[in-house]
Amino acid sequence: MYQTILTTLENGIFTITIHRPDKLNALNAAVMRELGETVNEIYTNALIRSAIITGSGAKAFVAGADISEFKDLNREEGMAMAKKGQDIFSLIEDSPKPIIAAVNGFALGGGCELAMACHFRLASENARFGQPEVNLGLVPGYGGTQRLTRLIGKGRAIELLISGNMIDAQTAFQYGLVNAVTRAEELLPKSIAILQLINTKAPLAVAGCIRCANLAVDEPGDAGFEEELKTFGDCFVTDDMKEGVAAFLEKRNPAFRGK
Ligand code: COA
């Protein structure tokens, strides 16, 4: 169905594999268009409970935006390109269904930005992260200056942004950029295992946690606390909250239905 992306849907877990291995899965216009379509699928397909984004081959998650498409752009076209990328990555971040990045190699530029837009990240031991745009006379354009700073703090973020240096998976783990580092062959099984666990939880509560946590970093101040109050209250009128509490009291596993 897609030319540059492979997808599978098994037991509610939708796996999106960026598939341009000969170009280290660089994000050209076709990939971005199709990535946008797959993200829409996550929102609209009721069979999808959660998703994994990964890269094809053993070498790269995504080695960045496709540099060959930068050559002839003017200012407005540059901005339009960044806007499209920012919009898709914001949809990933705001998805009510969990989306995790399984980073299986280079995650550079737009690849690091894509991983950071996901709700959290697992990395294989050979993963490398960086924002090398300064080497091209550019700044990141798909949210990298903002999400990197939010995730690892200003000092480390600025060092990475202005040096263009890459960091390895262990350093990314120390920085809090990734949640865990695994052997390459365990990356997808571990990603699937953690989503299988999350898929047993109440979907509306999972979505509420994501929404409130996003507000904590997007809008410093009281917005997140207010949303938490409202979401907490809203949970009391869901079937799932009644089921979760009843199941606990009856000493059985809950069967959540997302209602
Ligand atoms: N855009 C377009 N093509 C890319 C690319 C990108 N971001 N990253 C890699 N490629 C292509 C290479 O041009 C090469 O294509 P070719 O075989 O047709 O010449 C192919 O992918 C393999 O990459 P190569 O550079 O030969 O692999 P390597 O192992 O020597 O180096 C990297 C790997 C990741 C260090 C190197 O490819 C690189 O620096 N890529 C660009 C990273 C970047 O600046 N990203 C931010 C963009 S805003």
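Everything numeric here is computed off the predicted structure, so don't read it as measured data.

Focus: the sheet that holds strand β8 (residues 128-130)
Strand order in the open sheet formed by four strands is β4-β6-β8-β9, with mixed pairing between adjacent strands. At either margin of the open sheet sits one strand with a lone partner, and together these are β4 (60-62) and β9 (166-168). When strand polarity is set aside, the average angle formed by the axes of neighbouring strands in this sheet is 20 degrees. With two bridges joining them, β4 and strand β6 (residues 106-108) adopt parallel strand pairing. Bridge pairing in β6 links Ala60 to Phe106.

Details of the nonpolar core
Core analysis: the largest hydrophobic core is formed by 45 residues, its most contacted members being Leu35, Phe61, Phe89, Ile92, Val103, Leu114 and Phe129. Setting aside residues up to four positions removed in sequence, Val103 forms contacts with Phe61, Ala115, Leu122, Ala123, Ser124, Ala127, Phe129 and Leu187. Within the second largest apolar cluster, eleven residues are counted, among which are Ile52, Ile198, Val206 and Ile210.

Thoughts on unusual backbone geometry
Positive phi, normally seen in glycine, also occurs at Asn25, with a value near 60 degrees. Following the sequence through the fold, Asn25 ends up in the loop between β2 (13-18) and α1 (29-44). For Lys251, which is not a glycine, the phi torsion comes out positive at approximately 55 degrees.

A few points about the domain arrangement of the protein chain
Once the domains are mapped, the protein chain shows domain 1 (5-198) and domain 2 (203-249). Once you take the C-alpha centre of each, domain 1 and domain 2 turn out to be 26 Å apart. Contacts between the two partners involve ten residues from domain 1, matched on the other side by seven residues from domain 2. In this assembly, domain 1 packs against domain 2 so that about 630 Å² is buried in total across both faces, 54% of it on carbon and sulfur atoms. Summed over the three residues of domain 1 that lose the most area to domain 2, namely Glu93, Pro96 and Arg150, the buried surface amounts to 56% of that side. In this structure, the connection of domain 1 to domain 2 is made through one salt bridge. The partner of Arg150 in a salt bridge is Asp218, and the shortest N-O contact between them spans 3.1 Å.

Describing the pattern of salt bridges
Under the counting rule described, the total for this entry stands at twelve salt bridges. Notably, a salt bridge pairs Lys190 with Glu186, separated by 3.6 Å at the nearest N-O pair. Its relative accessible area of 43% is what places Lys190 among the partly exposed residues. Looking at Glu186, the relative accessible area reads 27%, which means it is partly exposed. Glu243 is the partner of Arg252 in a salt bridge, and the nearest nitrogen-oxygen pair spans 2.8 Å.

Examining helix α8 (residues 203-218)
Because an α-helix packs 3.6 residues into every turn, residues spaced three or four apart end up facing the same way. When the terminal C-alpha atoms of α8 are compared, their 22 Å separation across 16 residues agrees well with the 22 Å that a helix rising 1.5 Å per residue should span. For α8, the set of buried residues is Val206, Ala207, Gly208, Ile210, Cys212, Asn214 and Leu215. Buried residues along α8 sit against α2 (75-94), α7 (187-198) and α9 (223-235).

As for the site of the ligand
In the vicinity of the ligand lie 17 residues, with Lys23, Lys59, Ala63, Ala65 and Ile67 positioned nearest. For the ligand, an oxygen atom lies 2.6 Å from a polar atom in the side chain of Lys59. One nitrogen or oxygen atom from the main chain of Ile67 is found 2.9 Å from a nitrogen atom belonging to the ligand. Notes on the ligand: free accessible area 860 Å², of which the protein chains cover 60%. Across the shell around the ligand, the residue classes tally to ten nonpolar, two polar and five charged.

Focus on α7
Between its first and last C-alpha atoms α7 spans 17 Å; for twelve residues at 1.5 Å apiece the expected length is 16 Å, and the two agree. Of the surrounding secondary structure, the elements contacted by the buried residues of α7 are β2, β3 (50-55), β5 (99-103), β7 (120-124), β10 (180-182) and α8.

Considerations on the sheet that holds β3
Read from one edge to the other, the open sheet built from six strands follows the order β1-β2-β3-β5-β7-β10, with strand pairing classed as mixed. Every interior strand has two partners, whereas the edge strands, β1 (5-10) and β10, have only one. Between one strand axis and the next, the sheet turns through 20 degrees on average, direction left out of account. As paired elements, β2 and β3 share six bridges and run parallel to each other. Bridging from a neighbouring strand, Ile18 pairs with Gly55 of β3.

Reading the values: rules and limits
- Residues numbered from 1 in each chain as written.
- Predicted model: local features only at pLDDT ≥ 70, side-chain atom pairs only at ≥ 80, totals over all residues.
- Heavy atoms only, no water.
- Pairing = 2+ DSSP bridges.
- Helix = DSSP H or I, 4+ residues; strand = E, 2+ residues; numbered from the N terminus.
- Axes fitted to C-alpha atoms, helices over the stretch in contact; angles between N-to-C directions.
- Core = buried A, V, L, I, M, F, W, Y, C linked by side-chain atoms within 4.5 Å.
- Buried < 20%, exposed > 50% of the residue type's maximum accessible area, 1.4 Å probe, protein only.
- Contact = heavy atoms within 4.5 Å.
- Domains from an automatic or database assignment.
- Buried area = accessible area lost by both parts, 1.4 Å probe.
- Salt bridge = Lys/Arg side-chain N within 4 Å of Asp/Glu carboxyl O.
- Expected span 1.5 Å × (residues − 1).
- Near = heavy atom within 4 Å.
- Polar contact = N/O pair within 3.5 Å; in protein donor to acceptor, adjacent residues only side chain to side chain.
- Areas by Shrake-Rupley, 256 points an atom, 1.4 Å probe, with all protein chains shown as cover.
- Nonpolar A, V, L, I, M, F, W, Y, C, P; charged D, E, K, R; others polar.

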